[in-house]
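Secondary and tertiary structure notes
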Amino acid sequence: MENLSAILESIDKKARIEAASMIAKAEESAARIVSEGKAKARAEEERIVDDALAVSEEELRRVKVTAGLEARNEILASKGSMISGVLAELPAKLHSLTDKDYACLIRGVVLSFAPLGLVHVIPAEVDKEVFNSTFVMGINTALEARGQETTLILTGETLEASGGLVLKSDTVTVDCTLESICEYYKEALEPIISNALFTE
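Heads up: these notes are all about the structure in this document. (Residues numbered from 1 in each chain as written. Predicted model: local features only at pLDDT ≥ 70, side-chain atom pairs only at ≥ 80, totals over all residues. Heavy atoms only, no water.)

1. A look at the overall build of the protein
Cut-off, in case you're wondering: Only runs of H or I of at least four residues qualify as helices and only runs of E of at least two qualify as strands under DSSP, and these elements are numbered from the N terminus. For every residue, the accessible area obtained with a 1.4 Å probe (protein chains only) is divided by the maximum for its type, and the residue is called buried under 20%, exposed over 50%, and partly exposed between those limits. It only takes one pair of heavy atoms within 4.5 Å for two residues to be counted as in contact. What sets the accessible areas is the Shrake-Rupley method with a 1.4 Å probe; for residues, cover comes only from the shown protein chains.
Of the regular secondary structure elements, the protein holds 5 helices and 4 strands. Counting every position in the protein, which comprises 200 residues, the buried fraction comes to 21%. Expressed as a percentage of contacts within the protein between residues at least 6 apart in sequence, the contacts between residues at least 24 apart total 75%. For the protein, the accessible area works out to roughly 14,300 Å², and carbon and sulfur atoms hold 58% of it.

The following block contains the structure:
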C-alpha cells in the first residue's frame, strides 16, 4: 500500500507539474495572442488613419485645384467680356475718325476685297458724303494701275448700317460695313486689345 501511495503521489506531482507547465504555456500563448492582436489593431488603426489622411490630402488638393480653375475661368471670362466690350465699341470708334482717315481705312479694305467685273458700291446712308464719286474714282485708278479688271460705280443706292459700304457684282456681294470688318479681323484684334488692356 505504501508503494501505491508513493506511486499515486508521484503521478499527482507529475500531473501538477505538467498542468502548471500547460497553464504557463497557455498563459504565454494567450499573452502573445493578445499582444499580436494589439499590434495588429494598432497597425490597422494606423493604416486607417493614414488612409483617412491621404484621402483628406487628396480631397484638399482637389478642392484647391478646382478652386484655382474656377478662379482662372472667372478671370478669363471677365477678360473676355472686357475684350468683347471693346470690340463692340470699335465700329463707332472707327466711324469717329476724321473723314480722311476713315476714307483711307475703307479704301484699303475695298482694294483688298473688290471682286472682278462691274461692281456696285452701296455706301451706308451715314457715309454717302464720304464714299462719293471722288472716292470711287480714286479706287478705280488704283485698281487699274495694278491691272485688276474691276470697275466700281455708284448707283445712288444706300444701306442701313453704322458705317462702311457693300460691294455688289453680278456674282458676289462683299460686305465692307464696319461691323463686318471688325468681325473679320476679330481674331487678329483680340490679342492686340488684350495686351493693351492687361499687360502690366
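2. A few points about the pattern of salt bridges
The criterion, for reference: What counts as a salt bridge is simple: a side-chain nitrogen of Lys or Arg found within 4 Å of a carboxyl oxygen of Asp or Glu.
Summed over the entire model, instances satisfying the criterion amount to 1 salt bridge. In this structure, K128 engages E125 in a salt bridge whose closest nitrogen and oxygen atoms are separated by 2.9 Å.

3. Notes on the nonpolar core
Stated formally: Remark: nonpolar core denotes a set of buried residues (Ala, Val, Leu, Ile, Met, Phe, Trp, Tyr, Cys) joined through side-chain atoms within 4.5 Å.
Counting residues in hydrophobic clusters, the biggest one holds 24 residues, and the most contacted among them are I106, V110, F135, L152, L165 and L167. Only α2 (99-113), β1 (117-123), α3 (133-145), β3 (164-168), β4 (173-177) and α4 (178-184) provide two or more residues apiece to this core. Apart from the residues within four sequence positions on either side, F135 is in contact with A103, I106, R107, V130 and L165.

4. Concerning the sheet that holds strand β2 (residues 150-154)
As a reminder, the rule being used: Two strands form a pair only when DSSP identifies at least two bridges running between them. Only the stretch in contact is used when fitting a helix axis, every axis being a line fitted to C-alpha atoms; angles between N-to-C directions are given from 0 to 180 degrees.
Across the sheet, which stays open at both edges, the 4 strands sit in the order β2-β1-β3-β4 with mixed pairing between neighbours. The sheet terminates laterally at β2 and β4, the two strands that pair on one side only. Going from strand to strand, the sheet's axes swing by 25° on average, the running direction of each strand aside. In the sheet, β3 pairs with β4 via 5 bridges, with the strands oriented antiparallel. Paired with L167 across the bridge in β4 is V174. Against the sheet, α3 contacts β1, β2 and β3, and its axis sits at roughly 175° relative to β2.

5. Some points on a nonpolar patch on the surface
Applicable threshold: For patch detection, residues must exceed 30% relative accessible area and be free of salt bridges, and they are connected within 9 Å for like charges or within 5 Å for nonpolar side chains (Val, Leu, Ile, Met, Phe, Trp, Tyr).
Residues F113, Y184 and Y185 make up a contiguous nonpolar surface patch of about 310 Å² in total accessible area. Along the polypeptide, F113 turns up in helix α2.

6. Looking at the packing of aromatic side chains
Let me state the cut-off plainly: Pairing of aromatic side chains here covers Phe, Tyr and the six-membered ring of Trp, requires ring centres within 6.5 Å, and sorts the geometry by plane angle: under 30 degrees stacked, over 60 edge-to-face, intermediate tilted.
A complete count under the given rule lists 4 aromatic pairs for this structure. Ring plane angle 45° and centroid distance 4.8 Å describe the contact between F131 and F135, whose orientation is recorded as tilted. For the pair Y184 and Y185, a centre-to-centre distance of 5.0 Å together with 85° between the ring planes defines the contact as edge-to-face. Within the aromatic cluster, the residues linked to one another by ring pairs are Y102, F131 and F135.

7. Quick look at the pairing of β2
We count it as follows: When the strands point away from the viewer and the path from the first strand over the helix to the second turns clockwise, the crossover is right-handed.
Of the strand pairs in this sheet, β1 and β2 are connected by 5 bridges, and their pairing is parallel. Residue pairing in the sheet places L118 in a bridge with T151 of β2. One crossover worth recording links β1 to the parallel β2 by way of α3, and it is right-handed.

8. Section: the side chain of T177
Relative to the assigned elements, T177 resides in strand β4. Owing to a relative accessible area of 7%, T177 belongs among the buried residues under this scheme.

9. Examining the pairing of β1
Pairing geometry for β1 and β3, over 4 bridges, is antiparallel. Directly across from H120, in β3, lies its bridge partner K168.

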